[in-house]
Every structure is written in structure tokens, then in C-alpha cells.
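A closer look at the structure
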Amino acid sequence: MEKPKEITIYDLARKLNISIATVSRALKDDPVVSKKTRKKIFELAEEMGYRYNHFARNLREQRTYTIGVIIPRLNSYFMSTVIAGIESVANNEGYTLIISQSSESASKEVDSAKTMFNNRVDGLLVSLAYETDDLSHFDQFIKKNVPLIFFDRVAEHPDFTSVLIDNRKGAYESTSHLIAQGCQRILHITATPKRNVYLDRLAGYKQALADHQLTFDEKYILINNLSREAGVQAATAILQMNPLPDAVFAANDNCAVGCMVALKKAGIRIPQDIAFVGFNNDPVSTVVEPNLTTINYPGYKMGEMAAASLINHLNGVNSIDATNTILLRSELIIRASSLKANSGIQL
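All values reported here derive from a predicted model rather than from experimental measurement.

1. Focus on the sheet that holds strand β7 (residues 221–223)
One open sheet holds the 4 strands; their spatial order is β7-β6-β8-β9, and the pairing between them is parallel. Strand pairing shows two members of the sheet lacking a second neighbour, β7 and β9 (275–277), which therefore form its edges. Across the sheet, the mean angle separating the axes of adjacent strands is 20° when strand polarity is ignored. With 3 bridges joining them, strand β8 (residues 247–250) and β9 adopt parallel strand pairing. For A247, the partnering residue across the bridge sits in β9 and is A275. Strand contacts of helix α8 (residues 167–180): β6 (186–190), β8 and β9, with the helix running at about 170° to β8, the strand carrying the most contacts. Here helix α9 (residues 196–211) sits on the sheet and contacts β6, β7 and β8; the angle it forms with β6, its principal contact strand, is near 170°.

2. A word on the nonpolar core
Counting 72 residues, the largest nonpolar core has L125, F151, I186, I189 and F276 as its most contacted members. Leave out the neighbours within four places in its chain, and I186 touches T175, L178, I179, Y205, L209, Y220, D246, A247 and F249.

3. Re the packing of helix α2 (residues 20–27) against helix α3 (residues 35–48)
At their nearest, the axes of α2 and α3 sit 9 Å apart, and the two run at 85° to each other. When the axes of α2 and α3 are compared, the pair comes out roughly perpendicular. Of the residues in α3, those in contact with T22, V23, A26 and L27 of α2 are T37, R38, I41, F42 and A45.

4. What to know about a negative patch on the surface
Residues D134, D139, D159 and D321 make up a contiguous surface patch of negative charge. Tracing the chain through its elements places D321 in the loop between α12 (299–314) and β11 (325–328). On the accessibility criterion, D321 (62% relative accessible area) is exposed.

5. As for the sheet that holds strand β1 (residues 66–71)
Pairing is parallel in the open sheet, where 6 strands are placed in the order β2-β1-β3-β4-β5-β11. Looking along the sheet, the strands with just one partner apiece sit at the ends: β2 (96–101) and β11. When strand polarity is set aside, the average angle formed by the axes of neighbouring strands in this sheet is 20°. Sheet analysis places β1 next to β2, joined by 6 bridges and oriented parallel. Each residue of the ladder has a partner; that of G68, found in β2, is I98.

6. Thoughts on the packing of aromatic side chains
Following the criterion strictly, the structure yields 11 aromatic pairs and no others. Between F138 and F160, the aromatic rings sit 6.5 Å apart at their centres with planes inclined by 85°, giving edge-to-face as the arrangement. Of this pair, F138 sits in the loop between β3 (123–126) and α7 (139–143) while F160 is found in the loop between β4 (148–151) and β5 (161–165), placing the two residues 22 residues apart along the sequence. Ring centres of F150 and F160 lie 5.5 Å apart, and the angle between their planes is 90°; this geometry places the pair in the edge-to-face category. With F150 in strand β4 and F160 in the loop between β4 and β5, this residue pair connects regions lying 10 residues apart in the sequence.

7. Things to note about the side chain of T81
Position of T81 among the secondary structure elements: in helix α5 (residues 77–92). Exposure remark for T81: the relative accessible area of 16% places this residue in the buried category. Look past the residues within four positions of T81 in its chain and what remains in contact with it is G299 and Y300.

8. Overview of the side chain of E109
Of note, E109 is situated in helix α6 (residues 106–118). As a buried residue without a salt bridge, E109 has its nearest oppositely charged side chain in R195, at a separation of 6.6 Å. Filtering out sequence-adjacent residues up to four positions away, E109 remains in contact with I70, S102, S127, L128, A129, T132, H137 and F138.

9. Some thoughts on helix α10 (residues 228–239)
One turn of an α-helix holds 3.6 residues; hence residues three or four places apart share an orientation. Its 12 residues give α10 an end-to-end C-alpha distance of 17 Å, which sits within 8% of 16 Å, the value for a rise of 1.5 Å per residue. Residues of α10 that are buried: A230, G231, A234, A235 and I238. Within α10, the buried residues cover an arc of 150° as seen down the axis, which keeps them to one side. In α10, the exposed residues that point more than 90 degrees away from the buried face are E229 and Q233. For α10, the elements touching its buried residues are β6, β7, β8 and α11 (253–265).

Each value, and the rule that gives it
Residues numbered from 1 in each chain as written. Predicted model: local features only at pLDDT ≥ 70, side-chain atom pairs only at ≥ 80, totals over all residues. Heavy atoms only, no water. Pairing = 2+ DSSP bridges. Helix = DSSP H or I, 4+ residues; strand = E, 2+ residues; numbered from the N terminus. Axes fitted to C-alpha atoms, helices over the stretch in contact; angles between N-to-C directions. Contact = heavy atoms within 4.5 Å. Core = buried A, V, L, I, M, F, W, Y, C linked by side-chain atoms within 4.5 Å. Buried < 20%, exposed > 50% of the residue type's maximum accessible area, 1.4 Å probe, protein only. Parallel < 35°, antiparallel > 145°, perpendicular 65-115°, else oblique. Patch = residues over 30% accessible without salt bridge, like charges linked within 9 Å, V, L, I, M, F, W, Y side chains within 5 Å. Areas by Shrake-Rupley, 256 points an atom, 1.4 Å probe, with all protein chains shown as cover. Salt bridge = Lys/Arg side-chain N within 4 Å of Asp/Glu carboxyl O. Lys, Arg positive; Asp, Glu negative; His and termini not counted. Charge placed at Lys NZ, Arg CZ, Asp CG, Glu CD. Phe/Tyr/Trp six-rings, centres within 6.5 Å; stacked < 30°, edge-to-face > 60°. Expected span 1.5 Å × (residues − 1). Arc of directions from axis to C-beta.

None of this, on its own, says anything about what the molecule does.
Below, the structure is given as C-alpha cells:
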């Protein structure tokens, strides 16, 4: 079957007996062309099946109007909110996204970066995998002056900007809150301390203990992948401790909830026996009973900020070279899971 002829702006101009320049401006929604004429052109374009030639525009402007996004996991509530924020800004500015997940694998992250580079993305937004130690797979972007912004899971690099919250401060506030409730044996559940988020949360936890004259004890650190299932396994480990910890600060809400539910099944009262604080303000934190105290982590805002910073740089509005770090605000949301019965503090 013969392929139908592609409709061009020349066909539209000929049909309406107007100049090619007028059609071109109208299709770009240029106010120089009257609304009445623009309407006629748009209606005819739709009727004849005209498709805008993005490829030709991209060749002229030497841009693809695509942004690459590499994230560790797609099945994360936090990451889904970040992507929603990125997409909102990108769509408004006429950019499309190419999204890839590393599945926490450094080698998959390398492959994703290569794919993004070969697809000639105008810029790249990256949240690093657990396993990533070497950043050399991003060198190709530096050589071609393709801007890159890290978000959430970041690494220090002189050529790249990072968008994140103050994880150390969030962890410090969480641990200090538990101490204010009378807790002294506070267990911290975290992930492999390679990434900044977990290193900083561990540092904030330790700093809060030190500032309140509590001794740090390595046995109160549990390292896992922070999944709901890992939380159940953490509960098993906790039940074997003597004495039991009187509080748990988990580096995310999913793990905290898995641990809470398992401990409740074993007869542990929350917060009377063990108080709980999570991190991220995942929707699950308001479903579990008692509701989980957590750190509100503005994922959507982070996505908006990362995308806006990148696109403003691409459009010459602001340069991302002006700063290495953009810090977003977070806050401790106190709910019933951390309030000891004798504390006298009300929700």
C-alpha cells in the first residue's frame, strides 16, 4: 500500500491562498496573525491531517525539546510525585520526557545514561542508584555541554547542581522529638549508607543523640532495603533484643509501617512500648493505625524545582552554574505513633 502524501504548510497556504510565512506564524500561535486567520488555519490543518514537523524544527534549532529522567525505582510513591512535578513544568514549557529506571543498579544507570545521550536529550535529571560509586558515565554530557541536575539522591560534583532537602536536619528533628517523648533506646532503620540521603539521616540521628547526652550504640542500627517486607524482618530482629528499643526512627514510611504492623501482631503497643517516626509522608502513613509521625518530603515541589531550573538554564533565563545546591524545606508532622501516653502532648 502506498504511503499517503505528508501534508505541508505549502499545501495549507495554497488552499487558503495566503503566504507560507502567515501559516508558519499561525501554527506557532503568533499573535501577529489575527485570531480569525489562525482559527481558519488550525481548522484546515486538522481537516487535512497536517502534522507539525518537530524533526525539522529540532534540526534548525539544534535542540530536541526532550529531557531525560533517570530514577532508581518507578514503583515508589515519592518518585512518582517527583515525576509528576517534572512533567507539569516540562509540558508547560513544550518539553517531553524520556524516563528510565535504574532498578538500583549502577550498570543499568550507565546504560540509561548512554541511551539518553544517544537520544540527544537537551538536559538530564538524575536520582542515583544505591550501587552507584563512579560518576564517569555522565562525563559525556559535560563534554557536550548538556546540563545535568541531581535530585534527592545526589553526589557532589563541580559541574552539576543538586536539588534536595536537608536530610540531616529532618533526621535530627525526628530523633530529638522521640527523645522529648522520653525515649532513650532509639533504633534507626536505614539503607546501605552509600547515598547522601541515608548518610545524612544517619548523621542527623547520631547528632541528636550526642546533643541530648545519649550514647550511640551500633546494635541500634538496622540496614536493609527499606521495603515493607524489610520492615517485617526488622520487627523480628527487634523482638529478639533485650531490652527492647523504646523507639524506632525509620528512613522511610513503607519500612516503618511494615515494622509497626508486625510488632503490633506480636503484642507490642505503639507508641506506649515502642514509638515510631518515619520519613517521606507517604499516604500509607495516614492509613496505618496509629497514624505515623513522619517528615513531609515535598516530592512534587522537588520535581518542579529540578525541571524549572534545568529548563530556565536551557532557555537562557537563569544558569544552573550559579549554585551547586538547591535546598527545599521539609517539616516534621507529629501524629499518634510517636506520642507516648504520659507525654501530655496533644495532636
